[in-house]
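# Residue-level structural notes
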Amino acid sequence: MRRTSRLVVTALIAILAMLAGSGCTVIPPSAPYTVNDEGAGDPLTKPFQRMIAIGPQRSWGPIETFRGLQAAMAAYPEDPAVLQQYLTPQARQKWSASGPVTVIEDLYEVIPPASMDGTEPSMKITVKGRWVAQISEDDSYKPTAGPWSQDFELVREPGGGYRVNSLPQGLLLTAADVARSYRPTNLYYLALDGQSRLVVDRVRLRLKTTETYAETVLKRLLEPPTEALRGAVTTGFPAGSAIESIRSGEERVVINLRGDFDVLDLSAEDALRAQIRHSLNNNEIAKGRIIEVQVDGEPYITDRPGTEDSWLGDGGERAYYVDNGALHYLGQDGAAGAVAGAAGEQRDGYDHFAVSKDNGNGIYVAARTSTGVSIAKIGQDGGWQEVIQGKHLTPPTWRRDGTLWTYDRDNQALLRYDPNGSGGPQRVATPKQFVGLNITGLRIARDGVRVVVTIDNETVQIGALIGEGRGVRLGNLQSLTTTEGSDEIIDVAWADDLRLLVLVKSKAGQILNEINVGDGQTSGVPLKDRVSSLAALNDRILAGVGSGGDGKILELNQDRQTWTAKLESAAGDPLFPLG
């Protein structure tokens, strides 16, 4: 037998279960198989399939032995003993499951030596497949493409069969293994800018047979965020906090914590409530139930379903568009009039508009000109004022704290301006790798933390604003996507805290992709017209087509396949506040 299947068909599982129930002796199957862990309808957990691995068999050749080893890796967290059976004593001493998890496609090839008669005391086999992703030790998931190859050394056992003598550190899983045992999970931390805002961190968590999904989520929430947000967020959990227990009833979930909580600090209480609520509910856990948080068994926080919550506020839902340098409101049925003041008056030379959030001091609009960036307050007394000078600035972007940002390509400087502060623009520290790069775009997400950076209109990187106050800096840059050949990035827009829209011009036409910046998962959005600009807010996506009198604005329909015209003429770029 040259190839052994890793999974036994469902019928075999059913037969085994029937035999077990009838009192018959169950003979273990000769290949790994999976069993369902349904969770018995528990609102705190998720159903998943658990791999049941078996040890190496004397009758197995090198191909079957490696496939058995890989199945044992898939089962390792639940049953580490089986994998140890595949290793020689030397390999057991050197190998560790810690480290990044390598994820490859389900179909891979095990290639033994070309000349093999079965009597060799040792051999090197090559395993070839294709990359899917890497799951880092901080639980972040990074898609990876291209061929994957790795050599493994096998030694022959005196009584028959093989053992693995050398292998790289960490687990090797297939895409099916990850789909079966891991779940994409959103964790919510606190922004550092004092704006009472949550920031979502996307991870892949392995489901466990020893605890509910709710326990897994909250235990991971007690740990630091992934590298992408390290230094950019904080938490409401005091150092040393722990989960004592989580139990559920018909209408409520009770979480008992241990730690140095200040039960008299109401702001800390509200922040902690928001973290727990969204980290559970937004992962489809305990939705519609009262969440009661205790500290050492004593009542601390009660969160009721439907309670008003502004911790994920977007900064405003009103849509705008530009017509010949004038900012207009975009209503449900089309044009809804120009905004008040100078911002609503037509003028030449103003482009790449951006609208701020109202932080109690009114709403500002910014625009780029040939000499810099100007702003105007929306209102009858609002006039345009140039606040940042420069001939080669990136389009302006607002942060939710009310500050205005742009990158000066001539001076290679990231600039921040506070309309309600004193003085001019301030320089913000940037990573060393920025030196010499042609930064063509920079947009801050509505969470006030993540930043998308476009380089040469070819590469998109995601960073974060680290620290707070005057000490804030841009860091944690990670590559998200790169165009191919002569393709060019036309525009990017934040849909929400995780989803980024990227519009690309290629030889074959235009491509619009929605990319989850937390795990790189990508989906295409169909286009019919030639789009020049984008604006997005959650599930609303607006597209500017053409310019001047012939310009129009389209909105993506709920089917996410077709578009409807919101304005048929005299329309320029669409906008939402922030993003």
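These notes cover the structure that comes with them. Here the structure is a predicted model, which means the values were calculated and not measured. Starting afresh in each chain, residues are numbered from 1 along the sequence in its written order. Residues qualify for local features only when their pLDDT is at least 70, as the model is predicted, and side-chain atom pairs are given and counted only at 80 or more; totals for whole chains, interfaces and linings, by contrast, use all residues. With hydrogens and water set aside, each side-chain value is computed from the structure's full complement of heavy atoms.

## What about the overall build of the chain?
Per the convention used, a helix needs a DSSP run of H or I reaching at least four residues, while a strand needs a run of E reaching at least two, with both numbered from the N terminus. Across its full length, the chain holds 7 helices and 40 strands. For the chain, the spread of C-alpha atoms along the principal axes amounts to about 90 × 60 × 45 Å. With 579 residues in all, the chain has 53% of them scored as buried. For the chain, restricting intrachain contacts to residue pairs at least 6 apart in sequence, the fraction spanning at least 24 positions comes to 54%. Accessible surface area values rest on a Shrake-Rupley calculation with a 1.4 Å probe, where residue burial reflects the displayed protein chains alone. Summed over all atoms, the accessible surface of the chain reaches about 26,000 Å², with 46% contributed by carbon and sulfur. Working definition: with a 1.4 Å probe on protein chains only, accessible area under 20% of the residue-type maximum means buried, over 50% means exposed, and in between means partly exposed. Contact between two residues is taken to exist if any of their heavy atoms lie within 4.5 Å; hydrogens are not considered.

## Describing the packing of aromatic side chains
Aromatic rings from Phe, Tyr and Trp, taking only the six-membered ring of Trp, are treated as a pair when their centres fall within 6.5 Å; an angle between ring planes under 30 degrees marks them as stacked, one over 60 as edge-to-face, and anything in between as tilted. Counted under the stated rule, the structure contains 9 aromatic pairs. A network of ring pairs unites the aromatic residues F66, Y108 and F152 as a single cluster. Lysine NZ or arginine CZ positioned within 6 Å of the ring centre and within 35 degrees of the ring normal marks a charge as sitting over the ring. The lysine or arginine in question, R67, covers the ring of Y108, its NZ or CZ lying 4.5 Å from the ring centre. Residue placement shows R318 over the ring face of Y329; its charged tip is 3.8 Å from the ring centre.

## Focus on the sheet that holds strand β13 (residues 242–248)
Taken in spatial order, the 4 strands of this open sheet run β13-β14-β15-β16, and their pairing is mixed. Two strands in the sheet have a free side with no partner beyond their single neighbour: β13 and β16 (298–303). Averaged over neighbouring strand pairs, the angle between their axes works out to 20° when direction is ignored. The rule for pairing is simple: two strands pair if DSSP sees at least two bridges between them. Bridge count for strand β14 (residues 252–258) against strand β15 (residues 290–295) is 6 bridges, and the pairing is parallel. Across the sheet, the residue bridging to R252 is I290, located in β15. Think of each axis as a best-fit line through the C-alpha atoms, taken over the contacting stretch in the case of a helix, with angles from 0 to 180 degrees between the N-to-C directions. Along the sheet, helix α6 (residues 213–221) makes contact with β13 and β14, crossing β13 at roughly 155°. Helix-sheet contacts for helix α7 (residues 266–281) involve β14, β15 and β16, and the interaxial angle to β16 is about 65°.

## Things to note about α6
Counting buried positions over the 9 residues of α6 gives 8, a clear majority of the element. Within the span of α6, buried status applies to Y213, A214, E215, T216, V217, L218, R220 and L221. As for α6, its buried residues are in contact with β10 (182–191), β11 (198–206), β13, β14 and α7.

## So, the pairing of strand β21 (residues 364–368)
If a strand is regular, its side chains alternate between the two faces of the sheet. Burial analysis of β21 places 5 of its 5 residues in the buried class, which makes it a mostly covered element. With burial as the criterion, each face of β21 is covered, one bearing Y364, A366 and R368 and the other bearing V365 and A367. Taken together, the 3 bridges between strand β20 (residues 351–355) and β21 define a ladder with antiparallel strand orientation. Across the sheet, residue V355 finds its bridge partner in β21, namely V365.

## Some details on the sheet that holds strand β31 (residues 473–482)
Reading across the sheet, the 4 strands line up as β28-β29-β30-β31 and stay open at both edges, with antiparallel pairing between neighbours. Looking along the sheet, the strands with just one partner apiece sit at the ends: β28 (439–444) and β31. In this sheet, adjacent strand axes meet at a mean angle of 25° when their direction is disregarded. Here 6 bridges tie strand β29 (residues 450–455) to strand β30 (residues 459–466), and the two strands are oriented antiparallel to one another. Residue I455 lies in a different strand from β30, and its bridge partner there is T459.

## Points about the nonpolar core
Among the nonpolar cores identified, the biggest contains 41 residues, and F66, L69 and L167 are the most heavily contacted of them. Elements with a minimum of two residues in this core: α2 (62–75), α3 (80–85), β3 (101–104), β5 (122–135), β7 (147–156), β8 (162–166) and β9 (172–174). L167 has contacts with L69, M73, L87, A91, W95 and F152, leaving out every residue within four places of it along the chain. Within the second largest apolar cluster, 36 residues are counted, among which are I246, V253, Y300 and A464. Joining through side-chain atoms within 4.5 Å is the link that ties buried Ala, Val, Leu, Ile, Met, Phe, Trp, Tyr and Cys residues into a set, and such a set is a nonpolar core.

## Side note on the pairing of strand β26 (residues 413–417)
Across the 5 residues of β26, 5 count as buried, placing the element largely inside the fold. Burial along β26 is two-sided: A413, L415 and Y417 and L414 and R416, pointing in opposite directions, are all buried. Here 5 bridges tie strand β25 (residues 404–408) to β26, and the two strands are oriented antiparallel to one another. Within β26, the position partnered with D408 by the bridge is A413. Linking two consecutive strands that pair antiparallel, namely β25 and β26, is a turn of 4 residues; a positive phi of about 50° is found at Q412 within it. Alignment of β26 against strand β27 (residues 426–428), held across 3 bridges, turns out to be antiparallel. In the sheet register, L415 faces β27, and the bridge partner there is R427.

## Observations regarding the packing of α6 against α7
If you want to describe how two helices pack, look at the angle between their axes and the distance between the axes. Remark: α6 packs on α7, axes separated minimally by 10 Å, with the N-to-C direction vectors making an angle of 135°. Considering their axes alone, α6 and α7 lie oblique with respect to each other. Remark: the crossing between α6 and α7 carries right-handed chirality. Facing A214, V217, L218 and L221 of α6, the residues of α7 in contact are Q275, I276, S279 and L280. Ten residues, namely Ala, Val, Leu, Ile, Met, Phe, Trp, Tyr, Cys and Pro, are considered nonpolar, four, namely Asp, Glu, Lys and Arg, are considered charged, and the remaining ones, Gly among them, are considered polar. Partitioned by chemical class, the residues of the contact of α6 with α7 number 6 nonpolar, 2 polar and no charged. Roughly parallel refers to an angle under 35 degrees, roughly antiparallel to one over 145, roughly perpendicular to one between 65 and 115, and oblique to any angle outside these ranges. Crossings are assigned a handedness: left-handed for a near helix turned anticlockwise from the far helix by less than a right angle, right-handed for a clockwise turn.

## Some thoughts on the environment of G334
Topologically, G334 is positioned in strand β19 (residues 334–338). The buried category is assigned to G334, whose relative accessible area is 2%. Not counting residues within four places of it along the chain, the set of residues in contact with G334 comprises Y329, K566 and L567.

## Describing the environment of N359
Position of N359 among the secondary structure elements: in the loop between β20 and β21. For the pair N359 and S479, spaced 120 residues apart in sequence, the C-alpha to C-alpha distance is 32 Å. Apart from residues lying up to four places away in sequence, N359 is in contact with Q195, R400, D401 and G402. Side-chain polar atoms of N359 contact the side chain of K357, separated by 2.6 Å. Here a polar contact is recorded for every N or O atom pair within 3.5 Å, except that within protein the pair must consist of a potential hydrogen donor and a potential acceptor, and residues adjacent in sequence are included only if both atoms are side-chain atoms.

## Quick look at the side chain of D519
Note that D519 resides in the loop between β34 (509–516) and β35 (522–525). Only 3.0 Å separates the side chain of D519 from the side chain of R204, close enough to count as a polar contact. If we ignore the near neighbours within four places in the chain, the residues touching D519 are Y141, P143, R202 and R204.

## Observations concerning the side chain of N165
For N165, the position within the fold is in strand β8. A distance of 2.6 Å separates a polar atom in the side chain of N165 from a polar atom in the side chain of T88. If we ignore the near neighbours within four places in the chain, the residues touching N165 are T88, Q90, A91, E153 and V155.

None of this, on its own, says anything about what the molecule does.
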